[in-house]
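Coordinates in review
One-letter residues, chain by chain:
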Amino acid sequence: MRLIVGLSGASGIQYGIRMLEVLRELGIESDLIMTDVAGMMVELETSWKENEVAALATRRHDNFDFASALASGGFRSLGMVVLPCSMKTIAGIACGFSDNLLLRAADCTLKERRPLVLVPRETPLNAIQLRNMLTLAEAGATILPAAPGFYHRPQEIGHLVDHIVGKTLDIFGIEHHLYARWKDESG
Ligand SMILES: Cc1cc2nc3c(=O)[nH]c(=O)nc-3n(C[C@H](O)[C@H](O)[C@H](O)COP(=O)(O)O)c2cc1C
């Protein structure tokens, strides 16, 4: 089992880092692609170093390696998640403008009809951004805004992050205990 994980240059890089940690804990392989700005966001928003984040992944792929296995639809995976997903990366995927490996891998994921989950953080949203997201939803992607719920009574930021990571894993049918489900006694 392996999942393609894209980290792009939006605020909320903690979501991507936590996803890599959780996949590792669950024994699910991760193929990581980071944009240049995502690397910058790691240093800006966290006390992690970019190479430490990359070391959480099973494999890291250079974002400009178009000869990578991930540049082909034949790469077998559970699908792909981009978290956080910048509006620029949303626009690139929506237009099929694959000028980096992250965009190309997302394009391939869509054309092969594998699950593609995009986690934008941007707010507020303009009409162009909303249209791009509608285009992607119509093409089969899941738009999963980084908008954590509060019904599970989060006590710390980590609980909010885990809610979004958990909701993302739900799309892939991956079992986890990252948040308490509403009125679900089964745990
Ligand atoms: C501190 C900082 C925060 C940013 N936050 C966001 C954001 O939340 N959403 C977004 O769409 N872009 C955000 N940007 C702008 C993107 O980084 C920029 O559009 C960049 O081109 C994205 O490139 P990438 O998608 O290839 O990583 C932010 C930039 C900086 C420096």
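Structure's up top.
Reference entry: report on the structure contained in this document. Keep in mind that this is a model prediction, so the values were computed, not measured.

1. What to know about the overall build of the protein chain
The helix and strand inventory of the protein chain stands at seven helices and six strands. The helix and strand sequence of the protein chain, counted from the amino end, reads β-α-β-α-α-β-β-α-α-β-α-β-α. A globule of 187 residues ought to have a C-alpha radius of gyration of about 16 Å, and the protein chain, at 16 Å, matches this closely. Over its C-alpha atoms, taken along the principal directions, the protein chain stretches across nearly 45 × 35 × 35 Å. By residue count, 49% of the 187 residues in the protein chain fall in the buried class. Counted over contacts in the protein chain with a minimum sequence separation of 6, partners at least 24 positions apart contribute 74%.

2. A closer look at the side chain of Thr109
Within the secondary structure, Thr109 sits in helix H5 (residues 101-111). Looking at Thr109, the relative accessible area reads 3%, which means it is buried. The residues touching Thr109, leaving out its near neighbours within four places in the chain, are Ile4, Gly79, Met80, Arg114, Pro115 and Leu116.

3. So, the site of the ligand
Neighbouring residues of the ligand: 14 residues in total, closest Gly9, Thr35, Ser86, Met87 and Thr89. Contact distances for the ligand include 2.7 Å between an oxygen atom and a backbone N or O atom of Met87. A distance of 2.9 Å separates an oxygen atom of the ligand from a polar side-chain atom of Lys88. Taking 650 Å² as the accessible area of the ligand by itself, protein coverage stands at 68%. Elements supplying a minimum of two residues to the shell around the ligand: helix H2 (36-45) and helix H4 (87-95). Grouping the amino acids of the shell around the ligand by side-chain chemistry returns five nonpolar, six polar and three charged.

4. Considering H4
Buried within H4 we find Met87, Thr89, Ile90, Gly92, Ile93 and Ala94. Residues of H4 that are buried sit in contact with strand S4 (80-85), H5, strand S5 (116-120) and helix H6 (127-138). Of the residues one or two after H4, Gly96 is the one with positive phi, at around 65°.

5. Thoughts on the pairing of S4
With six of six residues buried, S4 lies mostly within the body of the structure. Judged by which residues are buried, S4 turns out to be covered on both faces: Met80, Val82 and Pro84 on one side and Val81, Leu83 and Cys85 on the other are all buried. Relative to S4, strand S1 (residues 2-7) is paired through three bridges, and the arrangement is parallel. The residue bridging Ile4 from the neighbouring strand is Met80, located in S4. With four bridges connecting them, S4 and S5 associate as parallel partners. Among the inter-strand pairings, Val82 is bridged to a residue of S5, identified as Leu118.

6. Notes on the pattern of salt bridges
Summed over the entire model, instances satisfying the criterion amount to nine salt bridges. One connected set of salt bridges, linked through shared partners, spans Arg18, Glu21, Glu25 and Asp162.

7. A closer look at empty space enclosed by the protein
What the rule picks out here adds up to one cavity of 30 Å³ or more. Computed from the structure, the largest cavity encloses a volume of approximately 60 Å³. If you tally residues by element for the lining of the largest cavity, the top one is H5, at three residues. When grouped by side-chain class, the residues that make up the lining of the largest cavity number five nonpolar, three polar and one charged.

8. So, the pairing of S5
Most of S5 sits out of view: five of its five residues are buried. By the alternation rule, side chains of S5 split into Leu116, Leu118 and Pro120 and Val117 and Val119, which are all buried. Here two bridges tie S5 to strand S6 (residues 142-143), and the two strands are oriented parallel to one another. Looking across to S6, one finds that Leu118 is bridged to Ile143.

The rules behind the values
- Residues numbered from 1 in each chain as written.
- Predicted model: local features only at pLDDT ≥ 70, side-chain atom pairs only at ≥ 80, totals over all residues.
- Heavy atoms only, no water.
- Helix = DSSP H or I, 4+ residues; strand = E, 2+ residues; numbered from the N terminus.
- Rg over C-alpha atoms; globule rule 2.2 N^0.38 Å.
- Buried < 20%, exposed > 50% of the residue type's maximum accessible area, 1.4 Å probe, protein only.
- Contact = heavy atoms within 4.5 Å.
- Near = heavy atom within 4 Å.
- Polar contact = N/O pair within 3.5 Å; in protein donor to acceptor, adjacent residues only side chain to side chain.
- Areas by Shrake-Rupley, 256 points an atom, 1.4 Å probe, with all protein chains shown as cover.
- Nonpolar A, V, L, I, M, F, W, Y, C, P; charged D, E, K, R; others polar.
- Pairing = 2+ DSSP bridges.
- Salt bridge = Lys/Arg side-chain N within 4 Å of Asp/Glu carboxyl O.
- 1 Å grid on protein atoms, 1.4 Å probe; cavity = no way out; pocket = protein on both sides within 12 Å on 5 of 7 lines; lining within 4 Å.
- Points joined across faces, edges and corners; volume = space filled by probe spheres on them.

Geometric descriptors of this kind do not, in isolation, establish any biological role.
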